[in-house]
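# Working through the structure, step by step
Read off the chains here:
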Amino acid sequence: MTPFDGTSSFLFSNSAQHSSNSSTKALKLYGSPHSSSTQQVQIVLHEKNIPYEFINLDIMSDPEIQDLIRQPSSAPVIANDGFTLCESRAICRYLATKYADQGTKLIPDAYNMKLGALFEQAVFTEVFAFEPYASKAVYEKVTKRSKGLAPDEAIFAGSVAALSSNLEGYENILSRQNYLAGDDLTLADLYHIPYGTKLTDAGSDIMTRKGPNITRWWTEISSRPSWVAVRNGEPVQT
């Protein structure tokens, strides 16, 4: 999880929210509803039609939760059939693999080495060319604003400028294929949604002005029912 989201894994409210489909055996997701990392996991849960119980807790007052996430990694955290896992991308990969035949297919078949390599390339593109800059920009104009702090306009402008340069490569890739890893939607595309949306909230139109192919791609992925459901706080429909 990035430190620039302003929704650190150690900042939970002291309430618990449960989906209407939750049960004692439902997958549990511990996280902040405003965290981009938590939202990445929620998108995948909706894409894979996996009912879950969302727990939004102040961990500093709950020893059980402290023990749950006291690891080198950070929240969000899932608990699934006795298995506990931290870090949003690791969780998303686990869910996409375990529930491969359920809902939207989000990772290539293991036997297809070329598609698998392109998928990994796309994932690392998001990790190194998108999130570091998007998260800094969002921190300045969204997170600071929510805390009553003044943004650093120079940092915001510099982050958007760096991201703008990187998105030229996206435009090139997306001129040849539908999605970042090929012609099928994957986790690599979905990972962009929370911060891309928050860039708009920050007052930037960068996701729709860098070229027709990025605009087409962004409009499609940011309109997916899974993201609409996450933003509206809706439970998974099974």
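Please read all numbers here as calculations on a predicted model, not as lab measurements.

Rules and cut-offs
- Residues numbered from 1 in each chain as written.
- Predicted model: local features only at pLDDT ≥ 70, side-chain atom pairs only at ≥ 80, totals over all residues.
- Heavy atoms only, no water.
- Pairing = 2+ DSSP bridges.
- Helix = DSSP H or I, 4+ residues; strand = E, 2+ residues; numbered from the N terminus.
- Axes fitted to C-alpha atoms, helices over the stretch in contact; angles between N-to-C directions.
- Contact = heavy atoms within 4.5 Å.
- Phe/Tyr/Trp six-rings, centres within 6.5 Å; stacked < 30°, edge-to-face > 60°.
- Buried < 20%, exposed > 50% of the residue type's maximum accessible area, 1.4 Å probe, protein only.
- Lys NZ or Arg CZ within 6 Å of the ring centre and 35° of its normal.
- Core = buried A, V, L, I, M, F, W, Y, C linked by side-chain atoms within 4.5 Å.
- pLDDT = per-residue confidence, 0-100.
- Polar contact = N/O pair within 3.5 Å; in protein donor to acceptor, adjacent residues only side chain to side chain.
- Right-handed = clockwise from strand over helix to strand, strands pointing away.

### Comments concerning the sheet that holds strand 2 (residues 52–55)
Sheet architecture is open: four strands sit in the order 2-1-3-4, paired in mixed fashion. The open sheet terminates on both sides in strands that have one partner only, identified here as strand 2 and strand 4 (83–86). Neighbouring strand axes in the sheet, compared pairwise and without regard to direction, differ in orientation by 20° on average. With three bridges connecting them, strand 1 (residues 27–30) and strand 3 (residues 77–80) associate as antiparallel partners. Looking across to strand 3, one finds that Y30 is bridged to V77. Contacts between helix 3 (residues 88–98) and the sheet are confined to strand 1, strand 3 and strand 4, with strand 4 contributing the most and set at about 135° to the helix.

### Quick word on the packing of aromatic side chains
As enumerated under the stated definition, the model contains five aromatic pairs in all. Consider the rings of F83 and Y94, whose centres lie 5.0 Å apart with planes at 45°: the pair is tilted. Highlighted residues: F83 in strand 4 and Y94 in helix 3, separated in sequence by 11 residues. According to the relative accessible area criterion, Y94 is buried, its value standing at 19%. For the pair F130 and Y170, a centre-to-centre distance of 6.5 Å together with 45° between the ring planes defines the contact as tilted. Placement of the pair is F130 in helix 4 (residues 113–146) and Y170 in helix 5 (residues 153–174), with a sequence separation of 40 residues. Note on F130: relative accessible area 0%, which makes it buried. Relative accessible area serves as the criterion here: at 2%, Y170 is assigned to the buried category. Feature note: the residues F130, Y170, W217 and W218 constitute an aromatic cluster, connected by ring pairs. In this structure, R89 packs its charged tip against the face of Y191, placed 5.5 Å from the ring centre.

### Brief notes about the nonpolar core
The biggest cluster of nonpolar side chains holds 54 residues, and the ones touching the most others in it are I78, L95, F130, L187, L199 and W217. What W217 contacts, discounting residues up to four positions off in sequence, is Y170, L174, N178, Y179, L180, D189, H192 and M207. Counting residues in each nonpolar core, the second largest holds five residues, with Y30, I55, V77 and C86 among its members.

### Some remarks on the confidence of the model for the protein
Across the protein, the average pLDDT comes to 87, with 82% of residues at or above 70. Counting interchain partners and residues more than four positions distant, the pLDDT-below-50 stretch residues 6–24 has 51 contacts.

### Topic: the side chain of E140
Tracing the chain through its elements places E140 in helix 4. Among the polar contacts made by the side chain of E140, one reaches the main-chain amide nitrogen of D152 at a distance of 2.7 Å. The residues contacting E140, other than those within four sequence positions of it, are P151, D152, I155 and F156.

### Details of the pairing of strand 1
Note: strand 1 against strand 2, four bridges, orientation parallel. The residue of strand 2 that forms the bridge with Y30 is I55. In this fold, strand 1 hands off to helix 1 (residues 36–47), which returns the chain to strand 2; that crossover is right-handed.

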